[in-house]
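# Topology and contacts: notes
Residue strings, one per chain:
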Amino acid sequence: MRSRPTKILAVLAVTGALAASTAATANSAPQQGGNGKKPEIRNVIYLLGDGMGRTHVTAGRERYYGAEGKLNMERLPSYGAVATSAVEKGSDRPALVTDSASAATAWSSGVKTYNAAIGVDSYEKKLPTLMEQAKKSGFATGNVSTAEITDATPAAQMSHALLRGCQGPVYSDAACLPKKDDGSYENKPADKTLITPIAQQIARNGTADVIFGGGLARFAPDDQKALGSQGYQVLGSFGDPALPAQTAESQKVATKADLDKVKGGKVVGLFNRGNLTVEKSKAELPAGAPEKKEPTLAELTKKSISLLDGRSKKGFLLQVEGALIDKRSHANDASQTLGEIKAFDDAVKAATDFAKKDGHTLVVVTADHECAGFNIIEKGTFTNAEAAAPPANNDSGNTANNSVPARSSSANVKDPARSSGIVNGSGAGDAKNFGPATFRTPDDPAGVKDGSEDASLWLTYLSGNHTGADVPIYAYGPGNSAFAASQDNTELYSKMYRSLFGTAPHGH
Ligand SMILES: [Zn+2]
């Protein structure tokens, strides 16, 4: 029995030596520290739940695993926070609430930019992205999202656009050119890439070897041709070149069955013409519904890893986005939001399962911003929006502190005209309804139902838009402790850069 561990040690030693020699050729720049210590990291898997704030994680945990349970992401050894503010266009002045484009540019390039900017700085200058740098230096690369693959988060790693709306299939001023203060369009930039529809850029620049998501309707047959000529396998079909515009009939979405057949190489799979289907809706569709053929985010993650692992001696960079957490939060749909958090967390498990076996993979899990001021309120209580008289503001004489309630009464009581009860129960159709969504948790007694007053998890929203709250970050694998900090979203770029290349990026 003693020979087995020895053998394993010998294998580890050989793997270590290989890693060291790969690293030596990988980085022409001198290693930080210079003590001859090999960098342990070969792969970086970066997963983000779009719109996933601290409370989204808490609510997901309590809903699926109970108060004492943990989501997979919460089991990772490092935990920290990320500040997410953007800047105003044409300046360095902070904009305290970011969108997904600005946030994704921050971690893909290390630079703060304006909301709606994709891979350009606040002054419209094109920025190199981490995925482009990884590709250029020989890493395998992958980009996965449950949104359209041309949407802001995936786009900011593999395209550059003045406006996130410039997704394709065709150019328009309205979608691609920012407006000046007087309402007229800016002049077209000298670098035409910045106003080239994102779909066209993705199909031609070869930045990601593996591209899985939605957004087939953003692409045209000539994009498929361009991908084919670069050696990509394209699942499904981008349409009929004889048609002036593509339709649901002329294009063929990729399916889970197509995905399963892929054995290797560069691949593009777009599984919906728009965003992928919300998991909860998919589950409720009849057996034959075409949406049932879409893979889950965990399946896409697993497949991407299997295609990228070993593709390059250097390793790989994979970005995975759970996009619909944000989209369902905008819609204030707690039930679907929770389902998407679970689906994202399952993808985290797929990534960490691989990383645990591999031993050379850093897994980072975070979000781009919080969405909708999601919160957990005490069972049986109500929000200020529902109150006949919100709590008194003790400093209401201070004009800067203007949360003086327009409604006034002596007691902090619920106003029946503003709240007819539980939003996912019988009062769901009432436009006045501010009432909380309620969900059972595994700790609730048997028989307690979602939407009932007895359910433990009471959830509310502040708005239908993003908030400026910090977001959580978790990390696993070599170098994970660098993320156990209170950090800015631009620092994620330099930390991941260091993980891949072993040196600090220029100017950071
Ligand atoms: Zn959003």
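Preceding this paragraph is the structure being described.
Residues numbered from 1 in each chain as written. Predicted model: local features only at pLDDT ≥ 70, side-chain atom pairs only at ≥ 80, totals over all residues. Heavy atoms only, no water.

## Things to note about the overall build of the chain
- Looking only at helices and strands, the chain has 14 helices and 17 strands in total.
- Each of the 508 residues in the chain was classed as buried or not, and the buried ones make up 54%.
- Nonlocal contacts in the chain, meaning residues at least 24 apart in sequence, comprise 70% of its contacts between residues at least 6 apart.
- With the model as given, the accessible surface of the chain reaches about 22000 Å², and the carbon-plus-sulfur share is 53%. (Helix = DSSP H or I, 4+ residues; strand = E, 2+ residues; numbered from the N terminus. Buried < 20%, exposed > 50% of the residue type's maximum accessible area, 1.4 Å probe, protein only. Contact = heavy atoms within 4.5 Å. Areas by Shrake-Rupley, 256 points an atom, 1.4 Å probe, with all protein chains shown as cover.)

## Section: the coordination of the zinc ion
- Within the protein, the zinc ion binds to Asp326 (OD), Asp326 (OD), His330 (NE2) and His466 (NE2); these donor distances fall in the range 2.0 to 2.6 Å.
- Coordination geometry of the zinc ion: the four donor atoms subtend angles of 54 to 143° at the metal centre, consistent with an arrangement described as irregular.
- Every donor residue of the zinc ion comes from the same chain, spaced as D-x3-H-x135-H. Placement of the pair is Asp326 in helix H12 (residues 324-330) and His466 in strand E15 (residues 466-467), with a sequence separation of 140 residues. (Donors = N, O, S within 2.8 Å, 3.2 Å for Na, K, Ca; no water. Tetrahedral: all angles 85-135°; square planar, octahedral: opposite > 155°, others 65-115°.)

## With respect to the packing of aromatic side chains
- On inspection of all chains with the given rule, the structure shows nine aromatic pairs.
- Relative to Phe238, the ring of Phe219 lies with its centre 5.3 Å away and its plane at 45°, an arrangement referred to as tilted. Residue Phe219 is found in the loop between strand E6 (210-214) and helix H8 (221-229), and its partner Phe238 is found in the loop between strand E7 (232-234) and helix H9 (256-261); the two are separated by 19 residues along the sequence.
- Accessibility expressed as a relative area gives 3% for Phe219, which makes it buried.
- Of the residues examined, Phe238 reaches a relative accessible area of 1% and is grouped as buried.
- On the basis of an interplanar angle of 50° and a centroid distance of 5.8 Å, the ring pair of Tyr493 and Tyr497 is categorised as tilted. Taken together, the residues span about one helical turn, with Tyr493 and Tyr497 both in helix H14 (residues 489-501) at a distance of four residues. The residues Tyr493 and Tyr497 share a single accessibility class, namely buried.
- The structure contains a cluster of three or more aromatic residues connected by ring pairs, namely Phe139, Tyr493, Tyr497 and Phe501. (Phe/Tyr/Trp six-rings, centres within 6.5 Å; stacked < 30°, edge-to-face > 60°.)

## A closer look at the sheet that holds strand E17 (residues 486-488)
- Strand order in the open sheet formed by 10 strands is E7-E8-E6-E5-E9-E1-E10-E16-E2-E17, and the pairing between neighbours is mixed. What marks the edges here is a single partner per strand, and that holds for E7 and E17. Strand-to-strand twist of the sheet, defined as the mean angle between neighbouring strand axes without regard to direction, takes the value 15°.
- Both E7 and strand E8 (residues 266-270) contribute to a ladder of three bridges, which runs parallel. Its bridge partner being in E8, Val234 is matched across the sheet by Val268.
- Contacts from helix H13 (residues 334-358) reach strand E1 (43-49), strand E9 (316-322), strand E10 (361-367) and strand E16 (471-476) within the one sheet, and its direction differs from that of E1 by about 165°. (Pairing = 2+ DSSP bridges. Axes fitted to C-alpha atoms, helices over the stretch in contact; angles between N-to-C directions.)

## Points about the nonpolar core
- In this structure, Leu47, Met73, Phe212, Phe344 and Val365 are the most contacted members of the largest nonpolar core, which totals 96 residues.
- Looking at which element gives the most residues to this core, the answer is H13, with nine residues.
- Leave out the neighbours within four places in its chain, and Phe212 touches Asn143, Val144, Ser145, Ile149, Leu259, Val267, Gly269, Phe271, Leu300, Lys303, Ser304 and Leu307.
- Formed by nine residues, the second largest nonpolar core is a distinct cluster that contains Ala117, Leu162, Cys176 and Ile195. (Core = buried A, V, L, I, M, F, W, Y, C linked by side-chain atoms within 4.5 Å.)

## Some words on the state of the cysteines
- According to the stated counting rule, one finds one disulfide in the structure shown.
- Bridging Cys166 to Cys176, the disulfide has an S-S length of 2.1 Å. Taking the torsion about the sulfur-sulfur bond, which here is approximately 85°, the covalent link between Cys166 and Cys176 counts as right-handed. Here Cys176 lies in helix H6 (residues 173-176) and Cys166 lies in the loop between helix H5 (152-158) and H6, a separation of 10 residues in the sequence.
- Residue Cys166 is classed as buried on the basis of its relative accessible area, which comes to 1%.
- On the basis of relative accessible area, Cys176 is assigned to the buried category, the value being 1%. (Disulfide = S-S within 2.5 Å.)

## Some thoughts on the sheet that holds strand E14 (residues 457-460)
- As summarised here, the arrangement of the three strands in space is E12-E14-E13, forming an open sheet in which the pairing is antiparallel. Across the chains shown, the open sheet's two edge strands, defined by having one partner strand only, are strand E12 (375-377) and strand E13 (437-439). The mean inter-strand angle of the sheet, taken between neighbouring strand axes irrespective of direction, is 40°.
- Strand direction decides the pairing type here: E12 and E14, joined by three bridges, are antiparallel. Its bridge partner being in E14, Ile377 is matched across the sheet by Trp458.
- In the packing of helix H2 (residues 54-64) onto the sheet, contacts are made with E12, E13 and E14, and the angle to E12 comes to roughly 55°.
- Relative to E13, H13 is tilted by about 45°, and along the sheet it contacts E13 and E14.

## A word on unusual backbone geometry
- In this chain, Gly168 is followed by Pro169 through a cis amide linkage whose omega measures 10°.
- Within the secondary structure, Pro169 is located in the loop between H5 and H6.
- At Glu124, a residue that is not glycine, the phi angle is positive and equals roughly 70°.
- Summarising the element assignment, Glu124 is placed in the loop between helix H3 (100-109) and helix H4 (130-136).
- Although it is not a glycine, Ala372 adopts a positive phi angle of roughly 85°.
- Mapped onto the fold, Ala372 is located in the loop between strand E11 (370-371) and E12.

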